[in-house]
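# Structural description and commentary
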Amino acid sequence: MRILISGASGLVGKALSSALASRGHSVGRLVRSGGALSSNDICWDPAAATIDTGALAAMEGADAVVHLSGASIAGGRWTPERKALLRLSRVNSTRLLVGALAQLKQKPSAFIAASAVGYYGDRGDEILTESSSAGTNFLASVAQEWEAESARAESSGIRTVILRSGVILSADEGALPQMIRPFRFGVGGRLGTGRQWISWVALADVIGSINAAIADERCSGPLNVVAPNPVRNSEFTRIAAHVLHRPAIFPAPALALRLMLGEMADALLLASQRAVPERLLAGGYRFLFPEFESALVSLLKSPR
């Protein structure tokens with residue numbers, strides 16, 4: 001297959017590009033203007049909301065497009081300017097790409113678009129499936145706008161899958177190194193009450209889920225890309241301390257986190273999302289890492 005990927009330089013994009021190429025697929029990247037281009041790459045400028053006719057011609061005949069672009073939600077304190085960037089980098093890039101796909105004579109059969117379990121907001125102990133309603137906080141509102149732009153691809157006759165990913169775990173990049181750093185220095189502990197649920201997923205299962213979404217012509221709509229066993233923050237704390245052979249006796253009070261991080265603390269560290277992969281399991285997907293402890297042991301290559 002010929003597959004185009006936006007956000008190919010990110011954590012998921014790099015792993016996906018490598019996995020697809022290893023299976024013999026042709027991978028093309030959507031690269032911002034001024035970036036280094038390979039023979040399969042396509043130049044676009046989502047910040048300027050422009051894509052040239054040459055790029056449109058190069059997109060003709062792609063079998064699938066995987067859209068992963070978006071500024072990191074943990075890349076800086078949420079000032080008004082940062083929040084605007086988080087929204088625009090998702091909503092505007094998706095609007096541009098979906099509009100370009102609609103102009104193609106030979107459209108891709110599948111459009112696989114990123115989103116996040118932040119769509120559900122802060123929901124306590126409620127079990128969240130793909131049919132659960134949206135939340136009301138900032139991340140939830142961004143996710144709703146983001147998904148609405150992705151869903152427009154359906155009206156162009158393109159099967160569309162929206163990936164509501166949890167916290168993606170990788171040993172070298174992303175959230176996990178930041179989450180376990182305090183434990184490595186012996187100052188780890190629960191965050192706030194520790195009762196909030198963390199919907200997590202190993203990077204290998206993100207790649208597996210995307211491959212399944214590309215291959216399964218019956219798959220469309222939202223897909224919770226999360227492991228089947230979410231954990232409370234207190235359980236994450238206990239397991240991380242055990243795997244790393246470190247104490248976990250320094251809790252971080254919610255007030256202190258809010259003073260340090262502002263609104264981002266509530267959205268990323270204290271919010272509770274107990275999402276489950278109902279549709280992935282119903283479709284027969286078998287998780288490589290369904291349990292948090294075995295995933296962490298594998299990722300950190302640490303003995304039990």
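## Here's the deal with the overall build of the protein
Broken down by element type, the protein carries eleven helices and 13 strands. With the principal axes as the frame, the protein shows a C-alpha extent of 60 × 40 × 40 Å. Within the protein, the proportion of its 304 residues that are buried is 51%. Taking the intrachain contacts of the protein between residues at least 6 apart in sequence as the baseline, contacts between residues at least 24 apart amount to 76%. A total of about 13600 Å² of accessible surface is found on the protein, and carbon and sulfur atoms cover 55% of it. The protein carries 31 positive and 25 negative side-chain charges, and their two centres are separated by 4 Å.

## Quick look at the environment of Ala-241
Within the secondary structure, Ala-241 sits in helix α7 (residues 233–244). Between the C-alpha atom of Ala-241 and that of Ala-58, which follows or precedes it by 183 residues, the distance is 50 Å. The contacts of Ala-241, once residues within four sequence positions are left out, are Phe-183, Arg-246, Pro-247 and Ala-248.

## Some thoughts on helix α6 (residues 203–215)
A rise of 1.5 Å per residue sets the reference length of α6, with its 13 residues, at 18 Å; its end C-alpha atoms lie 19 Å apart and thus fit the reference within 8%. Where burial is concerned, most of α6 is hidden: ten out of the 13 residues are buried. Three or more residues of α6 are buried, namely Leu-203, Asp-205, Val-206, Ile-207, Gly-208, Ser-209, Ile-210, Asn-211, Ala-213 and Ile-214.

## Examining the layout of surface pockets
If you add up the space inside the second largest pocket, you get close to 220 Å³. Taken together, 13 residues line the second largest pocket, and the ones lying closest to its centre are Asp-216, Cys-219, Arg-279, Leu-280 and Gly-283.

## Description of a nonpolar patch on the surface
The grouping of Phe-185, Val-187, Ile-249 and Phe-250 at the surface amounts to a nonpolar patch, some 450 Å² of accessible area in total. Take Val-187: it is sitting in the loop between α5 (175–184) and β9 (197–198).

## Regarding the pattern of salt bridges
Inspection of the entire model under this criterion finds twelve salt bridges. The shortest N-O distance in the salt bridge between Glu-263 and Lys-83 comes to 2.8 Å. Of the two residues, Glu-263 sits in helix α9 (residues 263–270) while Lys-83 sits in helix α3 (residues 80–103), which places them 180 residues apart along the sequence. Overlapping salt bridges bring together Arg-95, Glu-149 and Arg-152 as one network.

## Section: the pairing of strand β2 (residues 26–32)
One ladder, built from five bridges, connects strand β1 (residues 2–6) with β2; its direction is parallel. If you follow Ile-5 over to β2, its bridge partner there is Arg-29. As a crossover connection, the stretch from β1 through helix α1 (residues 11–22) into β2 is right-handed. Sheet topology note: the β2/strand β3 (residues 42–44) ladder contains three bridges and is parallel. Of the residues in β3, the one forming a bridge with Arg-32 is Trp-44.

## Let's talk about the sheet that holds strand β11 (residues 221–225)
Spatially, the seven strands line up as an open sheet ordered β3-β2-β1-β4-β5-β7-β11, and their pairing is parallel. A single partner strand is all that each edge strand has here, and the edge strands are β3 and β11. Adjacent strand axes in the sheet meet at a mean angle of 20 degrees, parallel and antiparallel pairs treated alike. Where strand β7 (residues 159–165) meets β11, five bridges bridge the pair, whose relative direction is parallel. Residue Val-161 lies in a different strand from β11, and its bridge partner there is Gly-221. Helix-sheet contacts for α3 involve β2, β3, β4 (64–67) and β5 (110–116), and the interaxial angle to β4 is about 170 degrees. Here α6 sits on the sheet in contact with β1, β4, β5, β7 and β11, set at roughly 165 degrees to β7.

Conventions we followed
- Residues numbered from 1 in each chain as written.
- Predicted model: local features only at pLDDT ≥ 70, side-chain atom pairs only at ≥ 80, totals over all residues.
- Heavy atoms only, no water.
- Helix = DSSP H or I, 4+ residues; strand = E, 2+ residues; numbered from the N terminus.
- Buried < 20%, exposed > 50% of the residue type's maximum accessible area, 1.4 Å probe, protein only.
- Contact = heavy atoms within 4.5 Å.
- Areas by Shrake-Rupley, 256 points an atom, 1.4 Å probe, with all protein chains shown as cover.
- Lys, Arg positive; Asp, Glu negative; His and termini not counted.
- Charge placed at Lys NZ, Arg CZ, Asp CG, Glu CD.
- Expected span 1.5 Å × (residues − 1).
- 1 Å grid on protein atoms, 1.4 Å probe; cavity = no way out; pocket = protein on both sides within 12 Å on 5 of 7 lines; lining within 4 Å.
- Points joined across faces, edges and corners; volume = space filled by probe spheres on them.
- Patch = residues over 30% accessible without salt bridge, like charges linked within 9 Å, V, L, I, M, F, W, Y side chains within 5 Å.
- Salt bridge = Lys/Arg side-chain N within 4 Å of Asp/Glu carboxyl O.
- Pairing = 2+ DSSP bridges.
- Right-handed = clockwise from strand over helix to strand, strands pointing away.
- Axes fitted to C-alpha atoms, helices over the stretch in contact; angles between N-to-C directions.

Interpretation note: all reported values are geometric properties and have no functional meaning in isolation.
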